[in-house]
Amino acid sequence: MKSSVITFPGSNCDRDMDVALKKFGFKNKMVWHDENELPKCDLVVLPGGFSYGDYLRCGSMASKSKIMKSVIDFANSGGLVMGICNGFQILVETGLVPGVLLRNKYLEFICKNVFVKIDNKDNPYFKNLDKEVFEFHIAHNEGNYFCTSDQLKEIEDNQQVAIYYSNEDGKTEEQFNPNGSTKNIAGIFNKKKNVLGMMPHPERMIDKSLSGEDGSVFFKNLISSIK
Amino acid sequence: MEVNEQVAIDHGLKKEEYKKICDLLKRTPNLTELGIFSAMWNEHCSYKSSRLHLKKLPTTGKKVIQGPGENAGVIDIEDGDAIVFKIESHNHPSFIEPYQGAATGVGGIMRDVFTMGARPIANLNSIHFGSPQHKKTKNLLRGVVHGIGGYGNCMGVPTIAGQTSFDSSYNGNILVNAMTLGLVKKNKIFYSKAAGLDKPVIYVGSKTGRDGIHGASMASASFDEKIEEKKPTVQVGDPFTEKLLLEACLELMAGDSIIAIQDMGAAGLTSSSIEMASKGNLGIEINLNKVPCRENKMTPYEIMLSESQERMLIILENGKENHAKKIFDKWNLDFAVIGKTTNSKNIELYFDDKQVANIPVNTLVENSPMYDRKWKKAKLPKKNSIKKEILNKLKIKDVLTKILSNPNICSKEWIWQQYDHTVMGDTIQKPGGDSGVVRVHGTNKAVAATVDSSAVYCWAHPLTGGKQVVCESWRNLISVGATPIAITNCLNFGSPENEDNMGEFVECVQGIGEASEYLKFPVVSGNVSFYNQTKDVGIKPTPSIGGIGLIKDYGQMITMDFKKNSNLVIVIGKTEGHLNQSIFARSILDEKNGPPPEINLFNEKNNGETLLQLIKENYVKSAHDISLGGILTAVCKMCIKGNKGIEFNKIIYSMSELEYLFSEDQGRYIIEINPSDLKEVTKILEKNSVHFDELGKIIDKHMIINQKTKVTIDELKSYYTNWFNNYMST
């Protein structure tokens, strides 16, 4: 399986993602934002960080990068595109997934472990997972997902919510919402569910010495479900 | 503008210093030259009051690759790897403008580290604020934390440990000390020493603006009522540009184009060019029209004294300009050839085809003033014995809950949750432990780092306090299973022109020197920050020590959380019941006299090394050093982190129970061991003549000290965690 991680000026989780993808068997290539064409691959990842310093609006300038035209074409033709954290913010700015990401409710950067609940496994990212609740890590200042009520209805009707913030039992009440996201939404799909944007960082949870190992479960499943 | 004595005094120079400048030049300097002298000769850059004393610190050792004098210190961590690290203050700017002050402090120290070719792998910080009740404290705290996070998070470097304290002596002068560690291959370290004639001098990074002009001079003066007017001297940080600069520099460093490189920190282009020339015993010629400027019509004076951030000066091999330019173009950074090295041994500046400055480099560096300031020796205060009747009236639980919710003890999670501490995927011990620990990427090794200070002890007796901070750093490294290697120090003091403050400095440095010599824990980098005072009142003497240790196999790293029921809890080191200057005496009894706990370097070394042996032989399940708040506070933290309880043994105390539980005698640790290992552990401790007490055993979620004192861990946890959140949310 081949993957590509895009490096924008200011990306800072690109190496971490490269390490994670390779650890679980992907042949990964780093792709510079100024390239015209994506290399041939099965998965494109937009990594976390502060592309263009988060200036103007998080992700907005990166969404206009040269390589993004090729990424958008890849997504529209059904290719798998995953945006993590700043990558999610970039996806939102391209319009590939609906909604926006606002500043966290309490106006502070949050770096901690959270639990998330997977709602729907009928997609290439989660399809063979044998559990619903995952412990992931978040590290962001603008992860407060927001959309209009019409958009929300459409999202829910299409089962586009990928993950919700929850407790360890999978309860998705407001008290388990770290950043004020609408309906505890932590990640979302496009309509066809080949594009996934999420705030948590599975690549930081790939080793028992780190914050935990649920990221390993996620990546192992990802590579086997793409095959 | 005509230069005269008054203009020199307005630049922060003393009368005699101005006279010395005129004598050295054999003429009156012009304004640009005067500005350059004032920038190089201020306290911050010249160390004129401290140099004499800093020379006495031990700075060498088997593992030391580079000691003080470079951008940062470098130590050997084997297998061809080295760690570059340093701590630096950004106190004055952070008080004037907390967000930018703290942010650029973090940016500056990271630049010092990657200038040497190292990729930063961890940040730490030591921050000190006034009393929580003081009207400025909350905003300063919020601003500083946001600033540190804003810069470090964007750079993608994890902030893995830190220290926060509150004391009214910082009401008018907070402290912000930032520390960075970087990883480099031993044979790819870059230095700032210029070499070779006619080599191109390159400017890279951000453009130069009018920000931060005279920042270093501001940092070398006391605050008064007019402090708000100094806002324009605070630099403005752009972590995004620094991230690009980091990647571009490392990309260029992968080849062999660079002869020397130096970041533009305090005193900007002035100090960077002069330091490189001075170290190489060369001259430098710069055409200031070539310096990329952000604003129109900047004068030579402004260009030389700007402290705009995110800039570097590089001396390249001839013919490598195009190769280097391509890299900086790729990262959208300015790149300009602004001059060349010469054999004149002068710094020569040109602007609009005219020479605007011509100063022999040695007059700025070697001939800079050095003072043997007057200082007063501090007496060891008399022991202040605390009456048994007072102690007997107190209930352990009441004392404990008050201490756990003391701002200087309670959990600082509110702070470190705002710092990205997991980016780079190698953080294996997060903030909140004795040291932060990061793996050396792709290996089984890990590096532990801690930053510590004990202003109260240093204030009570500077010599003892100086020793204590080094010992505390040593203990914090050992507690996570790391072998201590070296330290960096950030020496925050009041005015060196005040004999008491100068005495505090001299004796703290002496204490630091004695302890680091004895423990073979040399000082490899550091910085001095004087004039931390408002009007005539100095802060408590606050040397911050950043310590680094190596864990050869990170599988052997130790954390402080209690692990397993029925495991035994042991106190290593002797408890003498020293309460003077303890948090118990100061906050519960409101008793502020007496000496700090004594430091016995033999015991310190012996206890620490014996514990390391126990760790290496896999006997230790958890460990924590005993510091502020004594045994009971340490045990509580271990219970809270592990969500476990403890039942104390029936101990026959040779002192009052409160003295045993809350005294702050030094050289002690708490460890958890398996009951079946007790015999072996006892044997090792006895063989090394280490005193130990069997304190109790681990149980479920209750703390049972004696029949009268029983409390749930959840309750203790709420005291420990609530203070900060409540404080910041009101």
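Residues numbered from 1 in each chain as written. Chains lettered and ligands numbered in written order. Predicted model: local features only at pLDDT ≥ 70, side-chain atom pairs only at ≥ 80, totals over all residues.

Enquirer: Would you take a moment to explain the overall build of chain B for this structure?
Expert: A count of helical and extended segments in chain B gives 26 helices and 28 strands. At 26 Å, chain B has a C-alpha radius of gyration in line with the 27 Å of a compact globule built from 730 residues. Along the first, second and third principal axes, the C-alpha set of chain B runs to 85 × 50 × 45 Å. For chain B, restricting intrachain contacts to residue pairs at least 6 apart in sequence, the fraction spanning at least 24 positions comes to 85%. (Helix = DSSP H or I, 4+ residues; strand = E, 2+ residues; numbered from the N terminus. Rg over C-alpha atoms; globule rule 2.2 N^0.38 Å. Contact = placed C-beta atoms within 7 Å.)

Enquirer: Explanation requested: the overall build of chain A in the structure shown.
Expert: Scanning chain A from terminus to terminus reveals 5 helices and 11 strands. Here chain A has a C-alpha radius of gyration of 16 Å; the compact-globule value for 227 residues is 17 Å, and the two agree. When the backbone C-alpha atoms are referred to their principal axes, chain A occupies close to 45 × 35 × 35 Å. Taking contacts inside chain A between residues at least 6 apart in sequence as the whole, the part at least 24 apart equals 74%.

Enquirer: Where do I start with the pairing of strand β22 (residues 568–572) of chain B in this structure?
Expert: Looking down a regular strand, the side chains alternate between one sheet face and the other. Residue and element names in this part refer to chain B. Burial of β22 is extensive: 5 of the 5 residues sit out of reach of the surface. Both faces of β22 are covered, namely the face carrying Leu 568, Ile 570 and Ile 572 and the face carrying Val 569 and Val 571. With 5 bridges connecting them, β22 and strand β25 (residues 669–673) associate as antiparallel partners. Considered in β25, the bridge of Val 569 is made with Glu 672. The pairing of β22 with strand β26 (residues 692–699) spans 5 bridges and is antiparallel. (Buried ≥ 20, exposed ≤ 12 C-beta atoms within 10 Å, placed from the backbone. Pairing = 2+ DSSP bridges.)

Enquirer: Could you clarify how one ought to interpret the interface of chain A and chain B in this entry?
Expert: How big an interface is tends to be reported as the loss of accessible area on association of its parts. With 23 residues of chain A at the interface, the matching set in chain B holds 22 residues. Considering each element in turn, the side of chain A that touches chain B owes the most residues, 3 residues, to strand β6 (residues 110–118) of chain A. Each residue belonging to the side of chain A that touches chain B can be placed in one class, and the counts come to 11 nonpolar, 7 polar and 5 charged. (Nonpolar A, V, L, I, M, F, W, Y, C, P; charged D, E, K, R; others polar.)

Enquirer: What exactly am I supposed to notice about the sheet that holds strand β13 (residues 354–360) of chain B here?
Expert: Neighbouring strands of a sheet are bound in pairs by backbone hydrogen bonds; such pairs are parallel or else antiparallel. Residues and elements named next belong to chain B. With respect to topology, 7 strands assemble into an open sheet ordered β8-β10-β7-β11-β9-β12-β13, the strand pairing being mixed. Of all strands in the sheet, those bounded by a partner on one side alone are β8 (258–263) and β13. Direction aside, the axes of adjacent strands within the sheet are offset by 20° on average. The sheet contact formed by strand β9 (residues 283–287) and strand β11 (residues 334–342) spans 4 bridges and is antiparallel. (Axes fitted to C-alpha atoms, helices over the stretch in contact; angles between N-to-C directions.)

Enquirer: Would you mind going over helix α7 (residues 98–114) of chain B with me for this structure?
Expert: Quick reminder: α-helices carry 3.6 residues per turn. Residues three or four places apart thus point the same way. The first and last C-alpha atoms of α7 of chain B sit 24 Å apart over 17 residues, in line with the 24 Å expected at 1.5 Å per residue. Within α7 of chain B, 17 of the 17 residues are buried, which leaves the element mostly enclosed by the surrounding structure. (Expected span 1.5 Å × (residues − 1).)

Enquirer: Whenever I open this one, unusual backbone geometry confuses me. Can you help?
Expert: Leave glycine aside and you will find that most residues have negative phi; peptide bonds, for their part, are mostly trans. Positioned with a positive phi, Leu 56 of chain A is a non-glycine residue whose angle comes to about 70°. For Leu 56 of chain A, the location among the structural elements is in the loop between β3 (43–46) and α2 (66–76). In this model, Ala 267 of chain B sits at a positive phi of 60°, which is unusual for a non-glycine residue. Position of Ala 267 of chain B among the secondary structure elements: in the loop between β8 and α11 (268–280).

Enquirer: Got a minute to help me understand the packing of helix α23 (residues 630–642) of chain B against helix α26 (residues 713–729) of chain B in this structure?
Expert: Each pair of packed helices can be summarised by the angle the axes make with each other and by the distance between the axes. All names here are of chain B. Contact geometry for α23 and α26: axes closest at 10 Å, N-to-C directions at 105°. Regarding the angle of α23 to α26, the classification is roughly perpendicular. Contacts between α23 and α26 involve Cys 636, Cys 639 and Ile 640 on the former and, on the latter, Ile 713, Leu 716, Lys 717 and Tyr 720. Here the contact of α23 with α26 is built from residues that sort into 6 nonpolar, no polar and 1 charged. (Parallel < 35°, antiparallel > 145°, perpendicular 65-115°, else oblique.)

Enquirer: Is there a simple way to explain the sheet that holds strand β9 (residues 161–166) of chain A in this structure?
Expert: All names here are of chain A. The 9 strands lie next to each other as β2-β1-β3-β4-β11-β10-β9-β6-β7, forming an open sheet whose pairing is mixed. A single partner strand is all that each edge strand has here, and the edge strands are β2 (27–32) and β7 (133–140). Averaged over all pairs of adjacent strands, the angle between their axes in this sheet comes to 25°, without regard to strand direction. Against the sheet, helix α5 (residues 214–226) touches β3, β4 (80–84) and β7, its axis set at about 105° to β7.

Enquirer: How do you make sense of the environment of His 90 of chain B when you look at a structure like this?
Expert: Residue and element names in this part refer to chain B. Within the secondary structure, His 90 sits in the loop between β3 (81–89) and α6 (91–96). Taking the number of C-beta atoms within 10 Å as the measure of exposure, His 90 has 33 and is therefore buried. Distance from His 90 to Tyr 191, taken between C-alpha atoms, is 24 Å for residues 101 residues apart in sequence. Contacts of His 90, omitting those with residues within four sequence positions, involve Gly 101, Ala 102, Thr 104, Gly 105, Gly 108, Val 176 and Ala 178.

Enquirer: I would appreciate a short explanation of the pairing of strand β6 (residues 175–185) of chain B in the present structure.
Expert: Residues and elements named next belong to chain B. Of all 11 residues making up β6, 10 are buried, and the element is well covered by its neighbours. In the sheet, β3 pairs with β6 via 9 bridges, with the strands oriented antiparallel. Within β6, the residue paired with Glu 88 across the bridge is Ala 178. Where strand β4 (residues 119–129) and β6 come together, 9 bridges link them in antiparallel fashion. When the sheet's bridge partners are listed, Ala 122 is paired in β6 with Leu 181.

Enquirer: Quick question: what am I supposed to make of the packing of helix α22 (residues 601–616) of chain B against helix α25 (residues 678–687) of chain B here?
Expert: Residue and element names in this part refer to chain B. With their axes 10 Å apart at the nearest point, α22 and α25 run at an angle of 150° to one another. Classified by the interaxial angle, the pair formed by α22 and α25 is roughly antiparallel. Crossing of α22 over α25 shows right-handed handedness. For the pair α22 and α25, contact is made by Thr 610, Gln 613 and Leu 614 and by Val 681, Ile 684 and Leu 685, respectively. By residue class, the composition of the contact of α22 with α25 is 4 nonpolar, 2 polar and no charged. (Left-handed = near helix turned anticlockwise from the far one by under 90°.)

Enquirer: When you look at the environment of Asn 86 of chain A in this model, what are you seeing that I'm missing?
Expert: Residue and element names in this part refer to chain A. Here Asn 86 lies in helix α3 (residues 86–94). On the basis of neighbour counts, which here come to 28 C-beta atoms within 10 Å, the residue Asn 86 falls in the buried class. Spatially, the C-alpha atom of Asn 86 lies 18 Å from that of Val 114, the residues being 28 residues apart in sequence.

Enquirer: What is the right way to read helix α19 (residues 462–479) of chain B from this model?
Expert: All names here are of chain B. Between its terminal C-alpha atoms α19 stretches 25 Å, which fits the 26 Å expected from 18 residues at 1.5 Å a residue. Summarising burial for α19: 18 of the 18 residues are buried, a large majority. Gly 481 lies just past α19 and shows a positive phi near 90°.

Enquirer: What should I look at first to understand the environment of Lys 23 of chain A in this one?
Expert: Relative to the assigned elements, Lys 23 of chain A resides in helix α1 (residues 14–23). Counting along the chain gives 196 residues from Lys 23 of chain A to Phe 219 of chain A, while the straight-line C-alpha distance between them is 9.0 Å.

Enquirer: When you look at the nonpolar core in this model, what are you seeing that I'm missing?
Expert: Generally speaking, a soluble globular protein has its nonpolar side chains buried in company with each other. Of all hydrophobic cores here, the largest spans 289 residues; its most connected members are Val 447 and Ile 670 of chain B. Once you skip the residues sitting within four places of it in the chain, Val 447 of chain B turns out to touch Ile 77, Ile 83, Leu 181, Val 438, Val 440, Ile 548 and Leu 550 of chain B. (Core = buried A, V, L, I, M, F, W, Y, C linked by C-beta atoms within 7 Å.)

Enquirer: Is there a simple way to explain the confidence of the model for chain B in this structure?
Expert: Close inspection of predicted coordinates is inappropriate in any region flagged by low pLDDT. The predicted model of chain B has a mean per-residue pLDDT of 95, with 97% of residues at 70 or higher. Complex prediction metrics read pTM 0.96 and ipTM 0.96. (pLDDT = per-residue confidence, 0-100.)

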